[in-house]
Amino acid sequence: MAGRFSLPEVDLSCPICCDIFRDPVVLKCSHSFCAPCLQEYWGPARGRSRVCPLCRSQSVDDPVPSLTLKNLCESYVSLEGNDPEEKAGELYCDPGQMCPHHGEKLKLFCLQDKEPICVVCHTSRRHKQHDCCPVSEALVDVKEKMKSALSSLQEKRDAFDKMKKNYEDTVAHIQVQAQFVERRTREEFEKLHSFLQAEEEAKMEELRREKEQKSEEMRQKIEEMERNIMATSASIRDLEEEMALDDICVLHKCKSTLARANCPIEDPVMAPGALIDVAKYVGSLSYHVWEKMHAIIKYTPVTLDPNTAAPWLILSDDLSSVRDSDEKQKLPNNPERFDPDTSVLGRDGFTFGKHTWDVNVGNNTAWVVGVAKESVKKKEKVSSVLGNGYLCVYFYHKMYFAGTSPLTRLSLKKNPGRITVLLDCDKGRVSFHNADDGSHMYTFKHSITEKVFPYFWVGCQQCPLTVEPREPPVTVAEYC
């Protein structure tokens with residue numbers, strides 16, 4: 001094409017529309033444009049500044065038609081047999097690919113400013129000495145970063161979906177927990193209500209019997225007093241009748257009359273214990289009832305926390321025993337829960353004072369008993385040893401060990417059926433004893449610098465580990 005025509009096609013194209021010039025005009029700065037394109041760029045109302053779209057110089061005078069350029073364009077079209085309408089698709093350039101400052105095609109990408117620029121921009125003061133690369137290379141790099149960002153966002157969305165499902169499972173589990181707590185609470189209070197009702201009826205029956213007995217005794221006393229009153233009244237009448245006589249008859253009867261009047265009669269006295277013993281019934285009533293409640297109330301010094309129990313563990317309704325199972329329950333994967341270790345913690349932790357509890361291990365073939373620090377890892381399987389935050393003894397493969405590092409094998413004269421755990425936070429000691437005979441098993445000497453919780457691991461399905469009940473601790477205030 002260049003050999004048949006002296007000017008290249010790009011020199012005959014308008015920088016604004018990228019098409020062959022139509023009615024070309026030239027500005028004082030020597031840049032040429034299509035008259036309609038320039039007028040549209042300046043605006044129909046000419047409210048924008050009359051600046052050159054390429055060099056941005058002010059144009060005071062009206063643009064001058066360029067007849068020479070017009071003739072060249074017409075000759076080019078007629079000589080090449082090209083219709084401007086047909087060439088429009090080939091010469092058209094998306095405005096987004098053109099530099100808004102210089103009208104040149106955006107061929108470079110400024111790595112510092114993170115924006116596409118033209119060749120003229122690269123030499124301008126704004127981007128001078130900035131590192132640049134071809135747009136095609138930048139496009140590949142940007143798409144790689146976008147791909148990485150997309151992958152990261154997709155992973156994040158998957159994590160959100162997983163957490164949303166966990167939240168939904170948690171909501172469902174909260175409903176199950178609420179129903180369980182409501183059922184157990186009603187059962188326990190029903191037991192207490194039945195006991196209190198029976199105790200109240202027994203008290204009322206005892207009061208009724210004492211009231212009838214004391215009342216019957218008083219009725220008998222009243223009848224006796226009525227008989228005494230009648231006899232005394234008769235004697236009074238006899239004396240009054242004889243005193244009314246004036247003759248010697250008074251002297252004849254005086255001996256017998258005075259004998260009857262002077263007959264010894266004991267003065268009436270109220271016998272002790274006649275009244276109802278009110279103090280026996282109402283004095284410290286609730287305390288005495290509470291004393292009797294020991295027969296139906298069970299106190300365990302450690303309550304197992306179901307929110308920490310591994311999904312394979314089965315806890316009793318009163319949260320005092322735990323055993324293993326084959327089936328993994330559908331439970332929320334909350335941070336407090338052990339998984340995959342088949343472990344569970346006690347509900348309350350300790351940082352000071354002395355605490356003790358007994359664990360019935362029975363014929364359990366695999367167990368760990370002791371305390372665990374609050375910071376132990378719950379989402380990975382770890383050995384129950386001191387270095388991992390555990391102070392425990394355990395039984396496995398018919399051998400007893402203390403969880404030291406390395407492990408300490410324990411030689412016991414008798415296999416314990418019950419283990420007593422003695423925790424002294426102030427002295428930093430955790431001792432283990434055979435609760436059946438009191439023999440010592442092992443003592444850890446380790447300072448307690450954070451909260452520790454009763455810890456249980458069980459690997460047996462037939463025989464559970466059970467925290468044994470104890471006498472409820474009662475503190476009586478002493479006054480001088």
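Residues numbered from 1 in each chain as written. Predicted model: local features only at pLDDT ≥ 70, side-chain atom pairs only at ≥ 80, totals over all residues. Heavy atoms only, no water.

If you check an unreviewed UniProt entry, the protein appears there as Tripartite motif-containing protein 35-like from Echeneis naucrates. As stated in UniProt under Sequence similarities (unreviewed entry), the record for the protein gives "Belongs to the TRIM/RBCC family." Reading the Subcellular location (unreviewed entry) entry of the UniProt record for the protein gives the comment "Cytoplasm". (UniProt positions renumbered as here; feature names shortened; annotations may be inferred.)

**Student:** Can you break down the nonpolar core residue by residue, with the values?
**Tutor:** Membership of the largest hydrophobic core comes to 49 residues, with the highest contact counts inside it found for W357, W367, Y455, F456 and L465. Aside from chain neighbours lying at most four places away, what touches F456 is V302, L304, T342, S343, V344, W357, V359, V368, L465 and V467. With 18 residues, the next largest nonpolar core counts L27, L38, L69 and Y76 among its residues. (Core = buried A, V, L, I, M, F, W, Y, C linked by side-chain atoms within 4.5 Å. Buried < 20%, exposed > 50% of the residue type's maximum accessible area, 1.4 Å probe, protein only. Contact = heavy atoms within 4.5 Å.)

**Student:** Describe the packing of aromatic side chains, naming the residues involved and giving the relevant values.
**Tutor:** What the rule picks out here adds up to 10 aromatic pairs. Here the aromatic residues F338, Y390 and Y455 are joined through ring pairs into a cluster of three or more. Here K378 stacks its cationic end above the ring of F338, 5.7 Å away from the centre of that ring. (Phe/Tyr/Trp six-rings, centres within 6.5 Å; stacked < 30°, edge-to-face > 60°. Lys NZ or Arg CZ within 6 Å of the ring centre and 35° of its normal.)

**Student:** If you had to explain the pairing of strand β12 (residues 390-396) to someone new, which residues and values would you point to?
**Tutor:** Counted residue by residue, β12 has six buried out of seven residues, so it is predominantly covered. Relative to β12, strand β11 (residues 367-373) runs antiparallel, the two being bridged by six bridges. Note on β12: the bridge partner recorded for G370 is C392. Alignment of β12 against strand β13 (residues 399-402), held across four bridges, turns out to be antiparallel. If you follow Y394 over to β13, its bridge partner there is F401. Taking the residues that link successive antiparallel strands as the turn, the β12-β13 hairpin has two residues, and the phi of H397 there is positive, at about 55 degrees. (Helix = DSSP H or I, 4+ residues; strand = E, 2+ residues; numbered from the N terminus. Pairing = 2+ DSSP bridges.)

**Student:** Before we move on, could you go through the sheet that holds strand β5 (residues 115-117) and cite the residues and values that matter?
**Tutor:** Pairing in this open sheet of three strands is antiparallel, and the strands run β5-β4-β6 from one edge to the other. Because the sheet does not close on itself, it has two edges, and the strands there are β5 and β6 (132-134). If you compare each strand with its neighbour and ignore which way they point, the axes differ by 35 degrees on average. Direction of pairing for strand β4 (residues 108-110) relative to β5: antiparallel, over a ladder of three bridges. Bridging across to β5, F109 finds its partner in P116. Sheet strands touched by helix α5 (residues 135-243): β4 and β6. Its angle to β6, the strand with the most contacts, is close to 95 degrees. (Axes fitted to C-alpha atoms, helices over the stretch in contact; angles between N-to-C directions.)

**Student:** Give me the lowdown on the domain arrangement of the protein, citing residues and values where you can.
**Tutor:** Accessible area lost upon the coming together of the parts serves often as the stated size of an interface. For the protein, the domain assignment lists domain 1 (9-77), domain 2 (142-294) and domain 3 (313-468). Using only C-alpha atoms to locate each centre, domain 1 and domain 3 end up separated by 90 Å. (Domains from an automatic or database assignment.)

**Student:** Could you give an account of the side chain of T300, with specific residues and numbers?
**Tutor:** Within the fold, T300 resides in the loop between α8 (285-292) and β7 (314-315). T300 gets classed as buried once you look at its relative accessible area, which sits at 14%. Those residues in contact with T300, other than ones at most four positions away along the chain, are S320, V467, E468 and P469.

**Student:** Give a description of the pattern of salt bridges that names residues and reports values.
**Tutor:** A complete count under the given rule lists 25 salt bridges for this structure. Residue E115 is joined to R126 by a salt bridge in which the shortest nitrogen-to-oxygen separation is 3.2 Å. Placement of the pair is E115 in strand β5 and R126 in the loop between α4 (119-123) and β6, with a sequence separation of 11 residues. A relative accessible area of 21% means that E115 is categorised as partly exposed. Classification of R126 as exposed rests on a relative accessible area of 53%. The partner of R418 in a salt bridge is E468, with the nearest N and O atoms 2.8 Å apart. Linking R418 in strand β15 (residues 418-424) with E468 in the segment after β19 (465-467), this pair joins segments that are 50 residues apart in sequence. Taking the relative accessible area as the measure of exposure, R418 reaches 23% and is therefore partly exposed. E468 sits in the buried class, given a relative accessible area of 16%. Among the ionic contacts, a cluster of salt bridges with common partners joins R183, R184, E187, E188, K191 and D317. (Salt bridge = Lys/Arg side-chain N within 4 Å of Asp/Glu carboxyl O.)

**Student:** Describe the state of the cysteines, with residues and values.
**Tutor:** Following the criterion strictly, the structure yields zero disulfides and no others. Free cysteine C29: the closest other cysteine sulfur is in C52, separated by 3.6 Å. Judged by relative accessible area, which is 25%, C29 ranks as partly exposed. For C99, which is in no disulfide, the shortest distance to another cysteine sulfur is to C121 and amounts to 3.4 Å. Owing to a relative accessible area of 4%, C99 belongs among the buried residues under this scheme. (Disulfide = S-S within 2.5 Å.)

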